[in-house]
Amino acid sequence: MTATAPIPTATPSLGLAALPIDPDQRKGALGQISLRGVNCYYGSHLAVADVSLEIPPRAVTAFIGPSGCGKSTLLRAINRLHEVILGARADGSITLDGANLYGNGVDPVAVRSRVGMVFQKANPFPAMSIRDNVLAGLIIRGQRRGSKVGDDLVESCLRRAHLWDEVKDRLRKPGGSLSGGQQQRLCIARAVAVRPEVLLMDEPCSALDPISTLAIEELMRELARDYTVVVVTHNMAQAGRVSDRTAFFSVSGAGQPGRLIEAGPTADLFSAPKVPATRDYIDGRFG
Amino acid sequence: MAVLAVLAGVLIFLAVEGGPAVFYKQGALPAHATSFWQLAGPLAFGSLWVAVIALAFAAPPAIGVALAATVYAPNQRFGRLLAAVLDLLAAVPSVVFGLWGLMILAPLMGPVDAWLGRYLPWLPFFAGPPSPTGRTVLTAGLVVAVMILPIMAAMCRETFALTPTTLMEAGLALGATRWEMVRWAVLPGARSGMVAGAMLGFGRALGETMAVAMVLSPTPFLVSVNVISSDNPATIAAFIASTFPESRGKQVGALIGLGLVLFGVSLLISVIGRRIGRKAVPA
């Protein structure tokens, strides 16, 4: 891996105990992620091998690469969602502001409340209203907020997701009544409502039309002011538009594990890739 | 179409043969009843009461087992094994369950009934006096619960398995524990399926004949929610089965009339069930 831009470092004093679910107890957290020697498995099959990568806080990092290169798998390892698939596991170390997310005794539930996720297909809870969908993270954990506090949170999160003006008059309608792009923004509002430090986005625009895609991309840039954003995308133009840094993954053949080929500032990686494989991929898609 | 024709045929049979029984007076009716409704009312109550108890006992384990086989299964083999065991349970004949209830469960339930009668007598269900034999409505309800468990668990399992993975992951990604995820991502979407399973189980419990007839020795015309007493209400199906051999003429008509009442009750329950099931589906 090649890293040219200086990477801000997190306060290293935070240990394992520093994974509080309550966002108020982790002021000053940056949301810097470091991957060291990460392997991801499905049963005995090694899907991602030996990835070491720095993901800087308050920036957009894009994971690009051909299908089957393990970029989505790796993304899901960051919030420990990879392991919920039967037989799937990951090893190596992934730290968030210095705390190892895969350390002994670390509760994956606590990890996921700090590392939020937006999925490929918008997945609002169909039985919940738009309002309840935004508050879903709190409702699920039994922290139903009083109506005033809840209203404020709903409005601020929906405004963040650029959805407020479109839905403010129908907050009690089911989340499924929105269009695809609106549903995806609702899911972003829902993820933001639990106040994570990191937002993982797994091809968030792949099911959306160009206008909705543009809206989400704009949103990603804004979110990166407050969150560490990691986005997996097939769309190289999108990676070029939204990301500060890009990591290129590839796989050498069927049955082989995906590997990190090259990572660096997006402009450098696109204009002057250091590894021939990266150049081939970029040229192939753009040419 | 064929199903409708059979259903209509059954209904016509019940109505023609049993309909007039509604107006029968003392003498023509079994058990020396003075009117048809004096007989049918308590029996209908008994059927519903045993079915309610069975449902109350069967629903939690049915949902639990279904969750264990789908969401909580550590691997696919465990889930399949659990499903196979339940299907095996469904293959046991009703008479065998009746024997089991009578000879094994009832003696075990005797002390339970005594305990309930001693410590919870202020609840109308446990007013007692406790039956020393354990041949009570509580025991009958438990036996029927075991019988309806497989169908309910199977229905629940099917619906739980239909939950989109992406919804479950949405819950987990928000920091939900596994149970919180089940509570908010799996159960809401499965509500209509669970209601349907409960209705199927309830319908089976209403019609259950042999197990109840073997466990209970009924007291005619009794309406009581007391589940631990030796004085038990009878159920329609068990009453028909036990009275039929010694009935003739108009008495047979009266029993068929009781069948008509059971048919009506079952129909009503399934209509209500459908209502609840439909309401659960979000607009």
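Just so we're clear, the structure is a prediction, and the values are computed from it rather than from any experiment.

With that out of the way, let us pick up the overall build of chain B. If you tally the helices and strands in chain B, you get 10 helices and zero strands. When the helices and strands of chain B are placed in sequence order, the string is α-α-α-α-α-α-α-α-α-α. Projecting the C-alpha coordinates of chain B onto the three principal axes gives extents of approximately 70 × 55 × 35 Å. A burial count over chain B gives 45% of its 283 residues as buried. Restricting to contacts in chain B with at least 6 residues of sequence separation, those with at least 24 account for 79%.

Moving on to the overall build of chain A. If you tally the helices and strands in chain A, you get 11 helices and 10 strands. Counting only residues that meet the buried cut, chain A has 49% of its 287 residues in that class. In chain A, once contacts between residues fewer than 6 apart in sequence are set aside, the share between residues at least 24 apart is 70%.

Here we take up the interface of chain B and chain A. Across the contact, 20 residues belong to chain B and 22 residues belong to chain A. Elements that contribute at least two residues to the side of chain B that touches chain A include exactly α6 (165–173) and α7 (178–207) of chain B. Per-class residue counts for the side of chain B that touches chain A are 11 nonpolar, seven polar and two charged.

For the rest of this paragraph, the subject is the nonpolar core. If you look at the biggest cluster of nonpolar residues, it comprises 174 residues, and the most contacted ones within it are V144 and M152 of chain B. A per-element tally of this core places helix α2 (residues 36–69) of chain B first, with 19 residues.

What follows is about the environment of T70 of chain B. Residues and elements named next belong to chain B. For T70, the location among the structural elements is in the loop between α2 and α3 (76–90). Residue T70 is classed as buried on the basis of its 22 C-beta neighbours within 10 Å. Note: C-alpha distance between T70 and L82 (12 residues apart in sequence) is 9.8 Å. Each residue touching T70, except ones within four places of it in the same chain, is listed here: G79, R157, F160 and A161.

Turning our eyes to something else, we now look at the confidence of the model for chain B. The share of residues in chain B with pLDDT of 70 or more is 94%, and the mean pLDDT across the chain is 81. Across the predicted assembly, pTM comes out at 0.76 and ipTM at 0.83.

Residue and element names in this part refer to chain A. When the terminal C-alpha atoms of helix α8 (residues 210–223) are compared, their 20 Å separation across 14 residues agrees well with the 20 Å that a helix rising 1.5 Å per residue should span. Considered for burial, the residues of α8 that qualify are A215, I216, E217, L219, M220 and L223. Considering only its buried residues, α8 is in contact with β3 (60–64), α7 (180–193), β7 (198–202), β8 (228–232) and α9 (236–242).

All right, on to the packing of α2 of chain B against helix α5 (residues 137–161) of chain B then. Residues and elements named next belong to chain B. Contact pair α2 / α5: the axes reach a minimum separation of 6 Å and the direction vectors enclose 40°. With respect to their mutual orientation, α2 and α5 come out oblique. Judged by the twist between their axes, the crossing of α2 over α5 is right-handed. Counted by class, the contact of α2 with α5 contains 26 nonpolar, one polar and one charged residues.

This paragraph deals with the pairing of β8 of chain A. Residue and element names in this part refer to chain A. Burial analysis of β8 places five of its five residues in the buried class, which makes it a mostly covered element. Side chains T228, V230 and V232 project from β8 onto one buried face, and the interleaved V229 and V231 project onto a second face that is buried too. With four bridges connecting them, β3 and β8 associate as parallel partners. Bridge pairing in β8 links A62 to V231. As defined by bridge partners, β7 adjoins β8 across five bridges and the pair is classed as parallel. Note that in β8 the partner of V198 across the bridge is T228. Tracing the backbone out of β7, into α8 and back to the parallel element β8 gives a crossover that is right-handed.

Turning to the confidence of the model for chain A, a few remarks are in order. Confidence along chain A averages 84 in pLDDT terms, with 88% of residues attaining 70 or more. With pLDDT under 50 throughout, residues 1–18 of chain A is counted as low confidence; its partners more than four residues away or in other chains account for 41 contacts.

With that settled, the discussion passes to unusual backbone geometry. Residue and element names in this part refer to chain A. For D97, which is not glycine, the phi torsion reads 50° and is therefore positive. Inspection of the secondary structure assignment puts D97 in the loop between β4 (88–96) and β5 (99–100). For D97, a count of 25 C-beta atoms within 10 Å translates into the label buried.

Moving on: the environment of N100 of chain A. Residue and element names in this part refer to chain A. Along the chain, N100 falls in strand β5. On the basis of neighbour counts, which here come to 17 C-beta atoms within 10 Å, the residue N100 falls in the partly exposed class. Once the C-alpha coordinates of N100 and S34 are considered, the two residues, 66 residues apart in sequence, prove to be 9.1 Å apart.

Cut-offs applied
- Residues numbered from 1 in each chain as written.
- Chains lettered and ligands numbered in written order.
- Predicted model: local features only at pLDDT ≥ 70, side-chain atom pairs only at ≥ 80, totals over all residues.
- Helix = DSSP H or I, 4+ residues; strand = E, 2+ residues; numbered from the N terminus.
- Buried ≥ 20, exposed ≤ 12 C-beta atoms within 10 Å, placed from the backbone.
- Contact = placed C-beta atoms within 7 Å.
- Nonpolar A, V, L, I, M, F, W, Y, C, P; charged D, E, K, R; others polar.
- Core = buried A, V, L, I, M, F, W, Y, C linked by C-beta atoms within 7 Å.
- pLDDT = per-residue confidence, 0-100.
- Expected span 1.5 Å × (residues − 1).
- Axes fitted to C-alpha atoms, helices over the stretch in contact; angles between N-to-C directions.
- Parallel < 35°, antiparallel > 145°, perpendicular 65-115°, else oblique.
- Left-handed = near helix turned anticlockwise from the far one by under 90°.
- Pairing = 2+ DSSP bridges.
- Right-handed = clockwise from strand over helix to strand, strands pointing away.

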